[in-house]
Amino acid sequence: MLKRFLTQCSRTGSQETRDGYRRELMHYLRWRDQHHPHLHLREIAPAMAQDWIDALRQQVDAGLIKPRSFNRRVSAVSSLYRWASELSRSAVTGVPRNPIPPRVQLHAPKLAKPLPEADLSAVLGRISQAKAQGSKTAARDFVLVRGSYLLGCRVTELSRLKWGDIEAVEGGGQVTLLGKGSKQRTVKVSRETLELFESLGRGEPDSWVFPSSRKNGPLSRQAIAERMRRWGKAVDVHLHPHKLRHTHATHAIRRGVDVFTLQSTLGHSSTATTSGYVAANPADSSSLRLG
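Note that the structure is a prediction, hence the values are computed from the model and not measured.

A. Representation of the nonpolar core in the model. Judged by nonpolar contacts, the single largest core of 35 residues is most densely connected at Val145, Leu151, Leu161 and Phe197. When residues of this core are traced back to their parent elements, those giving at least two are α6 (117–132), α7 (136–151), α8 (155–159), β2 (172–178), β3 (184–189), α9 (191–198) and α10 (221–234). Here this core takes seven residues from α7, the largest share from any one element. Setting aside anything within four residues of it in sequence, one finds leucine 151 in contact with Leu161, Val175, Leu177, Val187, Val189, Phe197, His248 and Thr265. In this structure, Leu2, Leu29, Leu39 and Val104 belong to the second largest nonpolar core, which totals 27 residues.

B. Broad picture of the pattern of salt bridges. Taken as a whole and judged by the stated rule, the model has 14 salt bridges. Between arginine 72 and glutamate 24 there is a salt bridge, with the nearest N and O atoms lying 2.9 Å from each other. Linking arginine 72 in helix α4 (residues 67–84) with glutamate 24 in helix α2 (residues 15–35), this pair joins segments that are 48 residues apart in sequence. Look at arginine 72 and you get partly exposed, because its relative accessible area is 43%. A salt bridge links arginine 255 to glutamate 117; the shortest N-O distance between them is 3.2 Å. Of this pair, arginine 255 sits in the loop between α11 (241–254) and α12 (259–266) while glutamate 117 sits in helix α6, and the two are 138 residues apart along the sequence. Residue glutamate 117 is classed as partly exposed on the basis of its relative accessible area of 43%. Because the salt bridges share partners, they merge into one network encompassing Glu24, Arg72 and Arg73.

C. Region of interest: the environment of threonine 156. Within the secondary structure, threonine 156 is located in helix α8. For threonine 156, the residues in contact, after removing those within four places along its chain, are Glu16 and Arg221.

D. Geometry of α6. Its 16 residues give α6 an end-to-end C-alpha distance of 22 Å, which sits within 8% of 22 Å, the value for a rise of 1.5 Å per residue. Among all positions of α6, only Leu120, Val123, Leu124, Ile127 and Ala130 are buried. Looking down the long axis of α6, one finds its buried residues gathered within 115° of arc, a one-sided arrangement. Those residues of α6 that are exposed and angled more than 90 degrees off the buried face are Ala118 and Ala132.

E. Fine view of the confidence of the model for the chain. The share of residues in the chain with pLDDT of 70 or more is 90%, and the mean pLDDT across the chain is 88. Taking the mean pLDDT of every element in the chain, the minimum, 39, falls on helix α14 (residues 286–289) and the maximum, 96, on α6. Note on residues 285–290: pLDDT is under 50 here. Beyond four places in sequence and across chains, it has two contacts.

F. Focus on the pairing of β3. Of the two faces of β3, the one holding Arg185, Val187 and Val189 is buried and the one holding Gln184, Thr186 and Lys188 is not buried anywhere. For β2 and β3, the ladder comprises six bridges, and the chain directions are antiparallel. Residue pairing across strands places valine 175 opposite valine 187, the latter belonging to β3. Counting the residues that bridge the hairpin from β2 to β3 gives five residues, and of these glycine 181 lies at a positive phi of roughly 65°.

Each value, and the rule that gives it
Residues numbered from 1 in each chain as written. Predicted model: local features only at pLDDT ≥ 70, side-chain atom pairs only at ≥ 80, totals over all residues. Heavy atoms only, no water. Core = buried A, V, L, I, M, F, W, Y, C linked by side-chain atoms within 4.5 Å. Buried < 20%, exposed > 50% of the residue type's maximum accessible area, 1.4 Å probe, protein only. Helix = DSSP H or I, 4+ residues; strand = E, 2+ residues; numbered from the N terminus. Contact = heavy atoms within 4.5 Å. Salt bridge = Lys/Arg side-chain N within 4 Å of Asp/Glu carboxyl O. Expected span 1.5 Å × (residues − 1). Arc of directions from axis to C-beta. pLDDT = per-residue confidence, 0-100. Pairing = 2+ DSSP bridges.

Now the structure itself:
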């Protein structure tokens, strides 16, 4: 049942979406194996599902997971059961109804806090120190961190970058990113940003910008996140790829970038998502007008 669901959970066939569902469902399976190892997923009753949700809430209260993680996990499991209990599948899956109770989502802030510019400078400064000592890994990681911030891209988009996606154009360069749902978008960049990436040494058009040293492929999203976490920890800063994306958006709004340009750069499907950054960083208010 799980295998069939994971092949159909993404309307666009996105591997990233499938991987996301798989990660959340594995958490649920581990809970099932610990508390009800003799039961199949179709045999989990609503009361048992409520026990799982209560356990998740305890983790939120203890600070072990965030409300957003709680919501994502519950949503993934509920989606599995909704899919399995549809009339066209119920007789085959043996799932008569969705045991996950409705309306259990927790309130979660929509936007993460951006990095203060001083913290970003501190991280880049520490990487530069190691880079100056001849560390090739630090030289690559400097491009990972600063490049991620300048592009405002998702970590998977950074991981999938190939040299053919980065090209020089009049007045600077442009970077083509492969986003959610395999949608491509092109981001115009400055000459300095182009030179930042090319400082790694341009490879063949079909070669990865950030190749893995352990396998024949690019650095994984987990490996990129771990490198950023380590550099952040070195200067007592909580750093991860998506925080750099939030930081890009926040700093861009503060510098006067309009919401439509930012939407195009970030690859948001709706301006409603992008507008949250504007709401969090207003340029004007009635309070200012009153003194």
